[in-house]
Amino acid sequence: MTLDKHTIQGLSAFTSKTLPSSEFEKRMINAGYCEVGTAPAQGGRIKVWWSHDIFPRVESIYSPSRNTVLTAYHV
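Since this is a predicted model, take the numbers as computed values, not measurements.

Visitor: What am I meant to see in the nonpolar core here?
Guide: Generally speaking, nonpolar side chains in soluble globular proteins are found buried as a group. Counting residues in each nonpolar core, the largest one holds 16 residues, and the members touching the most others are Ile-8, Phe-24, Met-28, Tyr-33 and Trp-50. It is strand E3 (residues 46-51) that contributes the most residues to this core, three residues altogether. Other than its neighbours up to four places away in sequence, Trp-50 contacts Phe-24, Glu-25, Met-28, Ile-29, Tyr-33, Cys-34, Glu-35, Val-36, Arg-57, Val-58, Ser-60 and Tyr-62.

Visitor: What exactly am I supposed to notice about the pairing of strand E4 (residues 58-62) here?
Guide: On any regular strand, side chains alternate: one points to one face of the sheet, the next to the other face. Most of E4 is tucked away: five of the five residues are buried. Residues Val-58, Ser-60 and Tyr-62 point to one face of E4 and Glu-59 and Ile-61 to the other, with burial holding for every one of them. As paired elements, E3 and E4 share five bridges and run antiparallel to each other. Across the sheet, residue Trp-49 finds its bridge partner in E4, namely Glu-59. With five bridges joining them, E4 and strand E5 (residues 68-74) adopt antiparallel strand pairing. Bridge pairing links Tyr-62 to Val-69 in E5. Between E4 and E5, which pair antiparallel and follow one another directly, the connecting turn spans five residues, one of which, Arg-66, has a positive phi of 65 degrees.

Visitor: Help me understand the packing of aromatic side chains, please; the structure alone is not making it clear to me.
Guide: Centre-to-centre distance and the angle between the planes together describe a pair of aromatic rings. All chains considered together, the criterion is met by four aromatic pairs. Their ring planes at 85 degrees and their centres at 6.4 Å tell us that Phe-24 and Tyr-62 sit as a pair that is edge-to-face. In this pair, Phe-24 is assigned in helix H1 (residues 21-30) and Tyr-62 in strand E4, connecting sequence segments 38 residues apart. Tyr-62 sits in the buried class, given a relative accessible area of 0%. Here a set of aromatic residues connected by ring pairs shows up, and it is made of Phe-14, Phe-24, Trp-50 and Tyr-62. The aromatic ring of Tyr-62 is capped on one face by Arg-66, whose charged end is 4.9 Å from the ring centroid.

Visitor: Teacher, can you tell me more about the pattern of salt bridges here?
Guide: Opposite charge on two side chains permits them to pair, given that their charged atoms come into close proximity. Applying the stated criterion across every chain, the model contains four salt bridges. As a salt-bridge pair, Lys-17 and Asp-4 come within 4.0 Å of each other at their nearest N and O atoms. Within this pair, whereas Lys-17 is found in the segment before strand E1 (19-20), its partner Asp-4 is found in the segment before E1, the two being separated by 13 residues in sequence. Among the residues examined, Asp-4 registers a relative accessible area of 30% and is labelled partly exposed. Each of Glu-25, Glu-35 and Arg-66 takes part in salt bridges that share partners, so that together they form one network.

Thresholds applied
- Residues numbered from 1 in each chain as written.
- Predicted model: local features only at pLDDT ≥ 70, side-chain atom pairs only at ≥ 80, totals over all residues.
- Heavy atoms only, no water.
- Core = buried A, V, L, I, M, F, W, Y, C linked by side-chain atoms within 4.5 Å.
- Buried < 20%, exposed > 50% of the residue type's maximum accessible area, 1.4 Å probe, protein only.
- Helix = DSSP H or I, 4+ residues; strand = E, 2+ residues; numbered from the N terminus.
- Contact = heavy atoms within 4.5 Å.
- Pairing = 2+ DSSP bridges.
- Phe/Tyr/Trp six-rings, centres within 6.5 Å; stacked < 30°, edge-to-face > 60°.
- Lys NZ or Arg CZ within 6 Å of the ring centre and 35° of its normal.
- Salt bridge = Lys/Arg side-chain N within 4 Å of Asp/Glu carboxyl O.

Below, the structure written as structure tokens:
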């Protein structure tokens with residue numbers, strides 16, 4: 001739950017520790033990112049990778065229900 005501690009190129013800074021997945025995904029898509037893959041993560045969470053034509057790839061971690069984004073960062 002550290003979304004506000006990371007900066008994603010092309011997006012304005014996050015001001016909260018988590019975001020509803022619908023809001024996070026809307027921001028990512030509006031900035032030109034597209035979802036390129038998913039995988040299970042520790043504690044039943046879900047990893048989602050995002051690609052962009054210019055910016056580095058982003059890995060985001062979702063809650064087990066995939067309703068909330070807990071963190072996201074460039075990899």
